[in-house]
Number of protein chains: 2
Amino acid sequence: MGASVTSRALAILGAFDGEHRALSLTDLAHRAGLPLATAHRLVGELHRWGALAREANGDYVIGRRIWQLGLLAPVQSGLRQAASPFLHDLYGTTLATVHLAVRDGLEVLYVERLAGHVSVPVVSRVGSRLPMHSTGVGKVLLAYAPEDVRMEALKALTRITAYTITQPARLLEQLKRVRAEGYATTGEEMSLGACSVAVPVRNGDSVVAALGMVVPDLRRQLPRLVSALQVAAHGIGRTLAGAPSVQWK
Amino acid sequence: MGASVTSRALAILGAFDGEHRALSLTDLAHRAGLPLATAHRLVGELHRWGALAREANGDYVIGRRIWQLGLLAPVQSGLRQAASPFLHDLYGTTLATVHLAVRDGLEVLYVERLAGHVSVPVVSRVGSRLPMHSTGVGKVLLAYAPEDVRMEALKALTRITAYTITQPARLLEQLKRVRAEGYATTGEEMSLGACSVAVPVRNGDSVVAALGMVVPDLRRQLPRLVSALQVAAHGIGRTLAGAPSVQWK
DNA sequence: ACGCCCCCTTCCACTCAGCGGAAGTAGATT
DNA sequence: AATCTACTTCCGCTGAGTGGAAGGGGGCGT
């Protein structure tokens, strides 16, 4: 097993997730699979450096230093910053929840999400992952993913709602249409009452991200939304290409 | 010296900063003060875990996993999310660059920054730090900081522009007025051509952050800006207090 | 084409940092 | 006062980590 000190320290950091943002030393040791004394020493070191911080009640949380480091990640500093103003424009003109996502392995990783004060109950969260076959941005990313990734992803089409596509052949058919038409849609495949549209974001020739929005109903306004999305995606692509900053994938 | 494995691994992460977002193994070893072979092994472990990623050219960058962890930090998940919609409103009504910041030690840490397509040349960046005595948000945070922090901060008033306040007595005088009037201003004290206003954000009785904006000129519209800021700050405070989510300080 | 240089990767025997069971401390709870 | 839970400290044994050195490999100048 992970016997190296480094892997143990990382196991401690890995013990935090969306449902566990604050953990006591004992919990931390337990979740990381470490003896209490060992966890105590490592946690102390991480805390001293600023990777962990303590709350008023003594629980540990992820520290500001990790947060700051995260801001240096290419996904954040390149893509997200390029996209930010365009997302605001999109939100301003449509008032729908807007998403920017990348593919990470066989999942969709949400990089940015914009919603108003009263956010529609949408599942996604910045930094969270969702399956690719049941989301608009996921279908786009899958459509433009390398062949082997696509095949791998087709093997596990888990059902989420009654409308989720679980037949590989049907999904492949849709992905083909996505490539032909340049956008993807979903209808209550991820959560009931929510439809989505998404388009690819390109940097040069390669698709580097997907831009999507979630709305209660698509039928009437689909063309308008698609064209708004495409304008924004194109703008982001141009910013990425022209940016003198760091490469990001 | 930092001889523990953990501190060495952290030193590698710490080698990244705003000016060094992508580093080769050799640079990394050099900046972290480690022998190449040692750095190689540690970097490999960090990379395998996802703390580091590699770019096309082989350079290492901060990985997505660290970015995701950072999103769990209280500063991000509590404060930032509570503030986000209010910042958008503020930006929408004023079109000025808007800032949310907290105090970290003797410096101001920028937690959120909102600007339009054409951003005025503002020094701050999300995740960056600036001195407290030369920024609007800094003055607010200093005004409401514990006595010992304030005294410590007064010892090092470094000059940045010709208008930077470097006399402790004068700054103290201003901080007193900040507490009395509920807002702080600066006039070209951080960078020429930029003025700022800022107000405290409260959670219950304690000041937990500062909300500010940067504009080319203050004179005419000061009252309007201050009241817009105060409305937003109040809204953020209410959201924080009422939020069922994690505590964040 | 050849050799040079720079950067990365692998190896291996020594040794000291890290390990973790156990004992100690501090609060809360009964 | 006794009991429990959660955290902190101690210390001698040991194998994980170390890092100098040697082994690729690819880009560049001549």
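What you see is a predicted model, and the numbers here were worked out from it, not measured in a lab. (Residues numbered from 1 in each chain as written. Chains lettered and ligands numbered in written order. Predicted model: local features only at pLDDT ≥ 70, side-chain atom pairs only at ≥ 80, totals over all residues. Heavy atoms only, no water.)

A.B. asks: In this structure, what is going on with the overall build of chain A? I would like to understand it.
C.D. replies: Check the secondary structure of chain A and you find nine helices and eight strands. Each principal axis of the C-alpha atoms in chain A carries an extent, and together these give about 60 × 40 × 35 Å. Buried residues in chain A amount to 53% of all 249 residues. Considering only intrachain contacts with a sequence separation of at least 6, the fraction spanning at least 24 residues in chain A is 52%. Accessible surface, chain A: about 11,500 Å² in total, of which carbon and sulfur atoms supply 54%. One way to put it: in chain A the 27 positive side-chain charges average out to a point 2 Å from where the 19 negative ones average out. (Helix = DSSP H or I, 4+ residues; strand = E, 2+ residues; numbered from the N terminus. Buried < 20%, exposed > 50% of the residue type's maximum accessible area, 1.4 Å probe, protein only. Contact = heavy atoms within 4.5 Å. Areas by Shrake-Rupley, 256 points an atom, 1.4 Å probe, with all protein chains shown as cover. Lys, Arg positive; Asp, Glu negative; His and termini not counted. Charge placed at Lys NZ, Arg CZ, Asp CG, Glu CD.)

A.B. asks: Sorry if this is basic, but what is going on with the nonpolar core here?
C.D. replies: Grouped burial of nonpolar side chains is what soluble globular proteins tend to show. Core analysis: the largest hydrophobic core is formed by 113 residues, its most contacted members being A:Leu211 and B:Leu211. With eight residues, the single largest contributor to this core is helix α9 (residues 222–242) of chain A. (Core = buried A, V, L, I, M, F, W, Y, C linked by side-chain atoms within 4.5 Å.)

A.B. asks: What am I meant to see in the side chain of B:Asp59 here?
C.D. replies: Secondary-structure assignment places B:Asp59 in the loop between β1 (52–54) and β2 (60–62). Residues in contact with B:Asp59, not counting those within four places in the same chain, are B:Ala22, B:Leu23, B:Ser24, B:Ala53 and B:Arg54.

A.B. asks: Can you help me understand the sheet that holds strand β3 (residues 97–104) of chain B in this one?
C.D. replies: For sheets, the rule is that strands pair by backbone hydrogen bonds, running either parallel or antiparallel. All names here are of chain B. Taken in spatial order, the six strands make up an open sheet running β5-β4-β3-β8-β7-β6, and their pairing is antiparallel. Strands with a single pairing partner mark the edges of an open sheet, and in this sheet they are β5 (129–131) and β6 (184–187). Averaged over neighbouring strand pairs, the angle between their axes works out to 35° when direction is ignored. As defined by bridge partners, β3 adjoins strand β4 (residues 107–114) across seven bridges and the pair is classed as antiparallel. The residue bridging Ala101 from the neighbouring strand is Tyr110, located in β4. Helix α9 (residues 222–242) contacts β6, β7 (195–203) and β8 (206–215) of the sheet and is inclined by roughly 25° relative to β7. (Pairing = 2+ DSSP bridges. Axes fitted to C-alpha atoms, helices over the stretch in contact; angles between N-to-C directions.)

A.B. asks: Would you take a moment to explain the protein's contact with DNA strand C for this structure?
C.D. replies: Near DNA strand C there are 15 residues, and of these A:Thr38, A:Arg41, B:Ser4, B:Val5 and B:Thr26 occur at the shortest range. A:Arg8 is positioned such that a nitrogen or oxygen atom in its side chain is 2.9 Å from a phosphate oxygen of DNA strand C. In this structure, a phosphate oxygen belonging to DNA strand C sits 2.4 Å away from a side-chain N or O atom of A:Arg41. Elements with a contribution of two residues or more to the surface near DNA strand C: α1 (5–14) and α3 (36–49) of chain A together with α2 (25–32) and α3 (36–49) of chain B. Residue composition of the surface near DNA strand C, by class: seven nonpolar, five polar and three charged. (Near = heavy atom within 4 Å. Polar contact = N/O pair within 3.5 Å; in protein donor to acceptor, adjacent residues only side chain to side chain. Nonpolar A, V, L, I, M, F, W, Y, C, P; charged D, E, K, R; others polar.)

A.B. asks: Explain the protein's contact with DNA strand D to me, please; I cannot follow it from the model alone.
C.D. replies: Near DNA strand D lie 15 residues; those nearest to it are A:Ser4, A:Val5, A:Thr26, B:Arg8 and B:Arg41. Taken together, the sugar and phosphate atoms account for 74% of what DNA strand D places within 4 Å of the protein. At 3.3 Å, a side-chain N or O of A:His40 approaches a phosphate oxygen of DNA strand D. At a separation of 2.9 Å, a phosphate oxygen of DNA strand D approaches a polar side-chain atom of B:Thr38.

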